[in-house]
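So you can see what is in the structure, the chains are spelled out below.
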Amino acid sequence: MGNKLFVGNLSFSMDDVGLEEIFTECGTVQSARVIKDRSSGRSKGFGFVEMGNDDEASDAIEKLNGAERDGRNITVAEAKPKPDRG
DNA sequence: GTTGAGCGTT
């Protein structure tokens, strides 16, 4: 179990700060990033969060997976490794 | 709207 989380089904109005605000209520947020199109800067509707430790990460999954944010039920799960070349 | 980037050449 790692401390890196995948967060899906985000509103397109979500940003890095908003994502951090959601997860800081469940523990220490080391970093939070909403993935955006690298050319247009528009949200891709998902993001990644690194918690302070695996326990906080696990807790955040339990508490925030399926939680409603901005009218959408967000997905929270442990992140899979990045592909070799994005 | 669901698993992340950017540099820059063979």
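Scroll up to find the structure this text is about.
All values derive from a computational prediction rather than experimental measurement.

Caption draft 1: Inspection of the layout of surface pockets at higher detail. As a volume, the largest pocket reaches approximately 770 Å³. Looking at the largest pocket, it is lined by 22 residues, and the ones nearest its centre are Arg33, Ile35, Phe46, Phe48 and Lys82. Every element with two or more residues in the lining of the largest pocket is listed here: strand E1 (4–8), strand E2 (29–36), strand E3 (43–51) and strand E6 (75–78). Here the element with the most residues in the lining of the largest pocket is E2; it accounts for six residues. The residue makeup of the lining of the largest pocket, split by class, is 10 nonpolar, two polar and 10 charged.

Caption draft 2: Representation of the pairing of E1 within the structure. As judged from the four bridges shared by E1 and E3, these two strands associate in the antiparallel manner. Counted as the bridge partner of Phe6 is Phe48 from E3. Taken together, the four bridges between E1 and E6 define a ladder with antiparallel strand orientation. Among the inter-strand pairings, Phe6 is bridged to a residue of E6, identified as Ala77.

How each quantity is defined
- Residues numbered from 1 in each chain as written.
- Chains lettered and ligands numbered in written order.
- Predicted model: local features only at pLDDT ≥ 70, side-chain atom pairs only at ≥ 80, totals over all residues.
- Heavy atoms only, no water.
- 1 Å grid on protein atoms, 1.4 Å probe; cavity = no way out; pocket = protein on both sides within 12 Å on 5 of 7 lines; lining within 4 Å.
- Points joined across faces, edges and corners; volume = space filled by probe spheres on them.
- Helix = DSSP H or I, 4+ residues; strand = E, 2+ residues; numbered from the N terminus.
- Nonpolar A, V, L, I, M, F, W, Y, C, P; charged D, E, K, R; others polar.
- Pairing = 2+ DSSP bridges.

These values are about where atoms sit, not about what they do.
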